[in-house]
Amino acid sequence: MAQAPSPRPYVGRFAPSPSGPLHDGSLVAAMASYLDARAHRGAWLLRIEDIDAPRVAAGADRWIMAQLCGLGMHWDGEPVWQTRRHPEYQRAFERLRADGRAYGCACTRRELPVAGPYPGTCRPEARGAKGPVPAHEARSWRFRVDRGLEAFTDRWQGPQSQDVATEVGDFIIRRADDLWAYQLAVVVDDGLQGVTDVVRGADLLDSTARQRQLARALDLPCPRSLHVPLLCDGAGRKLSKQNHAPALDTDHGLECLQRAWRTLGFEPLPARGLGEFWAWAIARWAARFGITPAP
Ligand code: GLU
């Protein structure tokens, strides 16, 4: 079925966290975002999400870039490193504060519920006469979420809706260790980089409603989304660096690509090399999603 074209020129991105090299699981997300961008004849950006410093492995960014090139996946423009973008995050944060959409939170981990939404303990109105948590007492900073259902259609997963207020509550945008939270950084970056289409693994589907609220609060357009199935190990866990997925061996690039392609639910392609693989795969992807490329 044909999908409504995006009114802005297509901009997609792959946004790996450099906690290690690419593995079979992360290649699935990389491949899907690459195929979608190329099928639209759009731009495919590379953003290194190294904002979570404790999780960064030295040299993993270069390794990932070499792996992508080794697989014939060439990004457009210069890659972006989140650690070089503090001023952009700071500006967005100050705007949210000025608009009353961000507030300091003094709750310690022990004071937070083990499960369920943040109960809003530090919302200024909940503190009554004590008033807002003063900045020097704030451990983290939270975004004041909208009430009601956040609904959108994911291009792979179909119609979605989440009541962010009752399911998540006000979420953290600046962490107790003083780092920018993923949610803030990703929304600011997608917005400022003009990303029209977010294509990534289904583990992040659950973050999308939060990111849409944050984008709106910052007057940024909400990108369309497409969340692809995750590759799981034998025990049903997401294949990840944490559970020691081995690095992709790009000496056997075509086999890596065929594996990721099958994980996306397609039949193996009769390709003899990387160039042939991509030509076939882009055409199949375009047919699957009813994409008519920009002229
Ligand atoms: N950096 C995130 C990850 O590697 C992806 C973020 C995103 O695509 O929004 O899981």
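Residues numbered from 1 in each chain as written. Predicted model: local features only at pLDDT ≥ 70, side-chain atom pairs only at ≥ 80, totals over all residues. Heavy atoms only, no water.

## Digging into the overall build of the protein chain
Each helix and strand counted, the protein chain has 8 helices and 10 strands in total. A compact globule built from 295 residues would reach a C-alpha radius of gyration of about 19 Å, and the protein chain, at 20 Å, matches this within 12%. Projected onto its principal axes, the C-alpha coordinates of the protein chain cover approximately 70 × 40 × 35 Å. Here the protein chain holds 295 residues, and the buried ones make up 51% of them. Looking at the protein chain alone, contacts between residues at least 24 apart form 74% of all its contacts between residues at least 6 apart. Here the protein chain contributes 38 positive and 34 negative side-chain charges, whose respective centroids are spaced 2 Å apart. (Helix = DSSP H or I, 4+ residues; strand = E, 2+ residues; numbered from the N terminus. Rg over C-alpha atoms; globule rule 2.2 N^0.38 Å. Buried < 20%, exposed > 50% of the residue type's maximum accessible area, 1.4 Å probe, protein only. Contact = heavy atoms within 4.5 Å. Lys, Arg positive; Asp, Glu negative; His and termini not counted. Charge placed at Lys NZ, Arg CZ, Asp CG, Glu CD.)

## Thoughts on the packing of helix H3 (residues 86-98) against helix H5 (residues 182-192)
In contact at an axis separation of 10 Å, H3 and H5 are set at 105° when each is read in the N-to-C sense. The orientation of H3 with respect to H5, classified from their angle, is roughly perpendicular. Mapping the contact onto sequence places Glu88, Tyr89, Ala92 and Leu96 in H3 and Leu184, Ala185, Val188, Asp189 and Leu192 in H5. Of the residues in the contact of H3 with H5, the class split is 7 nonpolar, no polar and 2 charged. (Axes fitted to C-alpha atoms, helices over the stretch in contact; angles between N-to-C directions. Parallel < 35°, antiparallel > 145°, perpendicular 65-115°, else oblique. Nonpolar A, V, L, I, M, F, W, Y, C, P; charged D, E, K, R; others polar.)

## Description of the nonpolar core
Ranked by size, the top nonpolar core spans 41 residues in total, and within it Leu27, Met31, Leu68, Met73, Phe277 and Trp285 carry the most contacts. At the level of elements, helix H1 (24-39), strand S2 (43-48), helix H2 (60-70), strand S10 (224-228), helix H7 (253-263) and helix H8 (274-288) are the ones that each hand at least two residues to this core. Broken down by element, the residue count for this core peaks at 9 residues, all from H1. Those residues in contact with Leu27, other than ones at most four positions away along the chain, are Leu71, Met73, Leu248, Cys256, Leu257 and Ala260. (Core = buried A, V, L, I, M, F, W, Y, C linked by side-chain atoms within 4.5 Å.)

## Quick notes on the site of the ligand
Residues in close proximity to the ligand include Arg13, Ala15, Pro16, Ser17, Glu49, Tyr182, Val186, Arg200 and Leu204, which together make up its full environment. Taking Arg13, its side chain carries an N or O atom lying 2.7 Å from an oxygen atom of the ligand. Contacts to the ligand include Tyr182, whose side-chain N or O atom sits 2.9 Å from an oxygen atom. Protein contact buries 80% of the 300 Å² of open area that the ligand shows by itself. In the shell around the ligand, the residues fall into 5 nonpolar, 1 polar and 3 charged. (Near = heavy atom within 4 Å. Polar contact = N/O pair within 3.5 Å; in protein donor to acceptor, adjacent residues only side chain to side chain. Areas by Shrake-Rupley, 256 points an atom, 1.4 Å probe, with all protein chains shown as cover.)

## A word on the pattern of salt bridges
Going through the model one piece at a time under the given rule, you end up with 27 salt bridges. Put simply, Asp190 and Arg13 hold a salt bridge, and the shortest N to O gap is 3.0 Å. With a gap of 177 residues between them, Asp190 in helix H5 and Arg13 in strand S1 (residues 11-14) connect regions that are remote in the sequence. For Asp190, a relative accessible area of 6% gives the class buried. Note that Arg85 is salt-bridged to Asp189, the shortest N-O span being 2.6 Å. One end of the pair, Arg85, is in the loop between strand S3 (80-81) and H3; the other, Asp189, is in helix H5, and 104 residues separate them in sequence. (Salt bridge = Lys/Arg side-chain N within 4 Å of Asp/Glu carboxyl O.)

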